[in-house]
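Structural overview
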Amino acid sequence: MFSGALTALVTPFKDGKVDEARLIEQVKFQLDAGIDGLVPVGTTGESPTLDMNEHKRVIEIVVETAAGRVPTIAGAGGNSTEEALELHNHAKAVGASAALSVNPYYNKPTQEGLYRHFMKLADAIPLPIVLYNIPGRCGVNMSPDTIARLAEHHGIVAIKEATGSCDQASQIRQRCDLPILSGDDSLTLPLMSIGGVGVISVASNLIPNKITAMVRQAADGDFTAARGIHTQVFPLCQALFLEGNPGGVKKAMQLLGRDSGEMRLPLWEVGDATAAAIRHALQGLGLL
């Protein structure tokens, strides 16, 4: 269930509020393109700037719109275990397929603290958990040994690996069979070559058909064809992250007429040079 190409959805805003109509439109766009799964309110969905009610509402809308056609892995992490429990409970109650649960950020727990945090979630709530390891944002890396310990729990079903390190992914694979999803678009193909099962993608907000095709080709062992798509989309994947996420993808969606580009402070729109690079990459793919 938790493999293939899954889209880390943006959260659209209009006049400072969540734009529910556009969110539904974006989910339908993904479904029509044949995406394998949807991931609302992760990093790309600006979860830190949403209040609790908005966060829950975005999950509800995505689950309702997807209507079981593909899995919905709801962003439900937090740097407070109690807050994460509340979000996991809500995701379960509204019918999400799983929870994407990020390392607690800012307070920099030890490896034992990480282990106990995720075990409490997994023991308390009968909802599959996809771990989310992104030390560049959280200030702490979940070690391969800790991941292997957590993988022994039946409720922990996959990991989104966003360390930017193929070495770490290889070390995880040495220690356990937990499915690995790439958390970096530019590393999807390299990670799949060492046993990854897909990607939670930012670029698929724009090009779900290409990301899905590449992942399926790699899963089938056709790395020559997959490399062809990787080469095509790599400039866009780079351009989207020149000034972080989701500023790049929101600018790209704005250029394509699919999002307002609006974000909430402290996030701000990308500069002119990055916007030009994104426009050039979109033109290279024939999208503009």
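Up top is the structure these notes are about.
Everything in this summary refers to the structure shown in the same document. (Residues numbered from 1 in each chain as written. Predicted model: local features only at pLDDT ≥ 70, side-chain atom pairs only at ≥ 80, totals over all residues. Heavy atoms only, no water.)

The next point concerns the overall build of the protein chain. Each helix and strand counted, the protein chain has 12 helices and 10 strands in total. Principal-axis analysis of the C-alpha atoms gives the protein chain an extent of 50 × 45 × 35 Å. When contacts within the protein chain are restricted to residue pairs at least 6 apart in sequence, those whose partners lie at least 24 apart make up 70%. As displayed, the protein chain has an accessible area near 11,900 Å², and 50% of this comes from carbon and sulfur atoms. In the protein chain, which carries 24 positive and 30 negative side-chain charges, the distance between the mean positions of the two groups comes to 2 Å. (Helix = DSSP H or I, 4+ residues; strand = E, 2+ residues; numbered from the N terminus. Contact = heavy atoms within 4.5 Å. Areas by Shrake-Rupley, 256 points an atom, 1.4 Å probe, with all protein chains shown as cover. Lys, Arg positive; Asp, Glu negative; His and termini not counted. Charge placed at Lys NZ, Arg CZ, Asp CG, Glu CD.)

Let us now look at helix 9 (residues 208–219). The end-to-end C-alpha distance of helix 9, which contains 12 residues, comes to 16 Å, matching closely the 16 Å that a straight helix rising 1.5 Å per residue would cover. Looking at helix 9, one finds that the buried residues are P208, I211, T212, M214, V215 and A218. Considered in projection along helix 9, the buried side chains sweep an arc of 165° and stay on one side of the axis. Residues of helix 9 that are buried in the fold lie against strand 1 (4–8), helix 1 (20–32), helix 8 (188–193), strand 10 (198–201) and helix 10 (223–240). (Expected span 1.5 Å × (residues − 1). Buried < 20%, exposed > 50% of the residue type's maximum accessible area, 1.4 Å probe, protein only. Arc of directions from axis to C-beta.)

Turning next to the pattern of salt bridges. One pass over the full model with this rule turns up 11 salt bridges. R264 is paired through a salt bridge with E54; the nearest N and O atoms lie 2.7 Å apart. A residue pair is termed long-range when its members are at least 10 positions apart, and R264 in the loop between helix 11 (247–255) and helix 12 (272–284) and E54 in helix 2 (residues 52–66) qualify at 210 residues. For the pair shown, R264 and E54 are each scored as buried. What emerges from the salt-bridge pattern is a single network uniting E20, R57 and E60. (Salt bridge = Lys/Arg side-chain N within 4 Å of Asp/Glu carboxyl O.)

Membership of the largest hydrophobic core comes to 91 residues, with the highest contact counts inside it found for L38, I73, L131, L150, L206, I207 and L236. A total of 7 residues in this core trace back to one element, the largest contributor, which is helix 10. With residues near it in sequence (within four places) discarded, L206 still touches F29, L236, L240, V249, A252, M253, L256 and R258. (Core = buried A, V, L, I, M, F, W, Y, C linked by side-chain atoms within 4.5 Å.)

Burial runs high along strand 6 (residues 98–102): 5 of the 5 residues are buried. On strand 6, burial covers both faces: A98, L100 and V102 on one face and A99 and S101 on the other are all buried. Across 3 bridges, strand 5 (residues 73–75) lies against strand 6 in parallel orientation. In the strand pairing of strand 6, G75 is matched with L100. Between the parallel elements strand 5 and strand 6, the chain passes through helix 3 (residues 81–94) in a crossover that is right-handed. Handedness of the β-α-β unit built from strand 6, helix 4 (residues 111–124) and strand 7 (residues 129–133) comes out right-handed. (Pairing = 2+ DSSP bridges. Right-handed = clockwise from strand over helix to strand, strands pointing away.)

Burial of strand 10 is two-sided: the residues G198 and I200 facing one way and the residues V199 and S201 facing the other way are all buried. Of the strand pairs in this sheet, strand 1 and strand 10 are connected by 4 bridges, and their pairing is parallel. Considered in strand 10, the bridge of T7 is made with S201. By the bridge criterion, 2 bridges tie strand 9 (residues 180–182) to strand 10 in an arrangement that is parallel. Each residue of the ladder has a partner; that of L181, found in strand 10, is G198. In terms of handedness, the path from strand 9 via helix 8 over to strand 10 forms a crossover that is right-handed.

Turning to the sheet that holds strand 8 (residues 156–161), a few remarks are in order. Taken in spatial order, the 8 strands make up an open sheet running 4-1-10-9-8-7-6-5, and their pairing is parallel. Looking at which strands have only one partner, the edges of the open sheet turn out to be strand 4 (37–39) and strand 5. The average angle at which neighbouring strand axes cross in this sheet is 30°, direction not considered. Bridge count for strand 1 against strand 4 is 3 bridges, and the pairing is parallel. Bridge assignment links A8 to a residue of strand 4, and that residue is V39. (Axes fitted to C-alpha atoms, helices over the stretch in contact; angles between N-to-C directions.)

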